[in-house]
Amino acid sequence: MNLGRAAAAGIAVLLTFSLAACGEGTTREEAGKDTKTEDAASLKEIQDAGVLKIGTEGTYKPFTFHADDGTGELTGFDVEVAEAVAGELGVKAEFFETQWDAIFAGLDSGRFDMIANQVTINDERKEKYAFSTPYTISPGVIVVRSDDDSIKSFADLKGKRTAQSLTSNWYEMAKNEGAKVEAVEGWAQAVTLLKQGRIDATVNDVLTFLDWQKTETDDSIKIAVESDEVAENAFTFRQGGDDLVEAVNKALADLAADGTLAKISEKYFGEDVTK
C-alpha cells in the first residue's frame, strides 16, 4: 500500500492507541485491569479439551459480526483467521461473544483462552498480556474527496474541517494537527459529510477505508495521505501460556505460507492486509 506516505509529528505516539475499534477507529481501553488473572491455559490442556475458547465482540464488521443483517452465523475476518488457527492446532474454535468493555476481564478470568478482535499491540498492554505475531497491519490514512489535492501530509490538516468520533484516537490526531473537528457517530456519517462537501477530510485506519471500498466501490473519495507508522493487531492471551502462543504463531506462519491468510484478507478487504 504505497500511497506517497507522509506522517505528522507525534503520529507514532497516537498510533499506539487502540485501533481495535470498527468504523471510526474508536479508542477502547481495557476493562477489568484490577481483576484477578487466572493462569493461562497450556497448549496440552486446550488440545486435550479439543476446544480453543475465543473472546470476540460479534458486532464489529467486517472483523467479527453476524451475517444477514445480524441474524445469521458469526463470521468475519478475525473469526475466519481464528478458526483457521484452531484447525492448525487440531481443535475446534468456540466463540464467546462479549462487549468490548468486558473482553479483557473475560480473558483475565479464564472465560476464554484468547481474544480475536483486532486488538492493537501497545506497550501498556504488553505489560499485562501476551500477543501472537500480528495478523493485520494497519496504517492511519486521511480520506478526502477524489477531486481534492490540497492535503498531502498530516500537517496539511491545519485549518481543515474533519469529522471524527469524539471517543476515537483519530479525533485526537486531527485536533492535534489543528483541524476543525466536527463530532460524528462513525465512519459512515463522516463519509456522508465529506461527499456533501461539508468537511474537507476524515482520518481513520486503512482497513476501514478498504472495507468501505470493497462493499461500496466509491470512486468519489480517495486516500490522500498514509502514515509511515502502523498499528499491529494480534491475538491476545494471558501471560504464562508461552507454548500456546508459540503454537498459534506457528499456525499463523503456516497459514501465511500456504496463502490462507491472504485469501481470507482478499475476501474482506480486496487486498492482503496481513503483512
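On a predicted model such as this, the values are computed, not experimentally measured, just so you know. (Residues numbered from 1 in each chain as written. Predicted model: local features only at pLDDT ≥ 70, side-chain atom pairs only at ≥ 80, totals over all residues. Heavy atoms only, no water.)

Engineer: Help me get a handle on the overall build of the chain, residues and values and all.
Structural biologist: Within the chain, the secondary structure is distributed over 11 helices and 11 strands. Relative to all contacts within the chain whose residues are 6 or more apart in sequence, the contacts with residues 24 or more apart total 73%. Total accessible area on the chain is roughly 12,000 Å²; 47% of this is exposed by carbon and sulfur atoms. (Helix = DSSP H or I, 4+ residues; strand = E, 2+ residues; numbered from the N terminus. Contact = heavy atoms within 4.5 Å. Areas by Shrake-Rupley, 256 points an atom, 1.4 Å probe, with all protein chains shown as cover.)

Engineer: Can you tell me about the packing of aromatic side chains, naming the residues and giving the values?
Structural biologist: Scanning all chains against the criterion turns up 11 aromatic pairs. Arranged with centres 4.7 Å apart and planes meeting at 55 degrees, the rings of Tyr-60 and Phe-63 form a pair that is tilted. Assigned by exposure class, Tyr-60 and Phe-63 land together as buried. With a centroid separation of 6.3 Å and an interplanar angle of 40 degrees, the aromatic rings of Phe-96 and Phe-112 are classed as tilted. Taken as a pair, Phe-96 in strand E4 (residues 92–97) and Phe-112 in the loop between helix H5 (100–108) and strand E5 (114–120) lie far apart in primary sequence, 16 residues in all. You'll find Phe-96 and Phe-112 in the same group, each marked buried. A network of ring pairs unites the aromatic residues Tyr-60, Phe-63, Phe-77, Tyr-135, Phe-235, Tyr-268 and Phe-269 as a single cluster. (Phe/Tyr/Trp six-rings, centres within 6.5 Å; stacked < 30°, edge-to-face > 60°. Buried < 20%, exposed > 50% of the residue type's maximum accessible area, 1.4 Å probe, protein only.)

Engineer: Break down the packing of helix H9 (residues 206–216) against helix H11 (residues 260–269) for me, with residues and values.
Structural biologist: Packing of H9 against H11 brings their axes to within 8 Å, and their N-to-C directions diverge by 65 degrees. Classified by the interaxial angle, the pair formed by H9 and H11 is roughly perpendicular. For the pair H9 and H11, contact is made by Leu-207, Leu-210, Asp-211 and Lys-214 and by Glu-266, Lys-267, Tyr-268 and Phe-269, respectively. In the contact of H9 with H11, the residues fall into four nonpolar, no polar and four charged. (Axes fitted to C-alpha atoms, helices over the stretch in contact; angles between N-to-C directions. Parallel < 35°, antiparallel > 145°, perpendicular 65-115°, else oblique. Nonpolar A, V, L, I, M, F, W, Y, C, P; charged D, E, K, R; others polar.)

Engineer: So, the side chain of Thr-208: which residues are in play, and what are the values?
Structural biologist: Positionally, Thr-208 belongs in helix H9. Residue classification places Thr-208 among the buried residues on the basis of a relative accessible area of 9%. Of note is the side chain of Thr-208, whose polar atom sits 3.0 Å from the side chain of Asp-205. (Polar contact = N/O pair within 3.5 Å; in protein donor to acceptor, adjacent residues only side chain to side chain.)

Engineer: Just give me the short version of the pairing of strand E9 (residues 180–183), but keep the residues and values in it.
Structural biologist: Relative to E9, strand E8 (residues 161–164) runs parallel, the two being bridged by four bridges. Looking across to E9, one finds that Ala-163 is bridged to Glu-182. Crossover E8 to E9 through helix H7 (residues 169–176) is right-handed. (Pairing = 2+ DSSP bridges. Right-handed = clockwise from strand over helix to strand, strands pointing away.)

Engineer: Can you explain the nonpolar core? Please cite residues and give values.
Structural biologist: The nonpolar side chains of a soluble globular protein tend to be buried, and buried together. Leu-52, Val-81, Val-85, Leu-89 and Phe-235 are the most contacted members of the largest nonpolar core, which totals 55 residues. Residues in contact with Leu-89, not counting those within four places in the same chain, are Leu-43, Gln-47, Leu-52, Leu-244, Ala-247 and Val-248. One finds Ile-151, Phe-154, Ala-224 and Val-225 within the second-largest nonpolar core, a separate group that totals 13 residues. (Core = buried A, V, L, I, M, F, W, Y, C linked by side-chain atoms within 4.5 Å.)

Engineer: Pulling in residues and values, what's your account of H5?
Structural biologist: Since there are 3.6 residues in each turn of an α-helix, residues three or four apart along the chain are aligned in direction. Among the residues making up H5, those that are buried are Trp-100, Ile-103, Phe-104, Gly-106, Leu-107 and Asp-108. For H5, the secondary structure elements touched by its buried residues are strand E1 (51–56), E5, helix H6 (123–126), strand E6 (129–131) and strand E11 (221–238). Count one or two residues on from H5 and you reach Gly-110, which has phi positive near 85 degrees.

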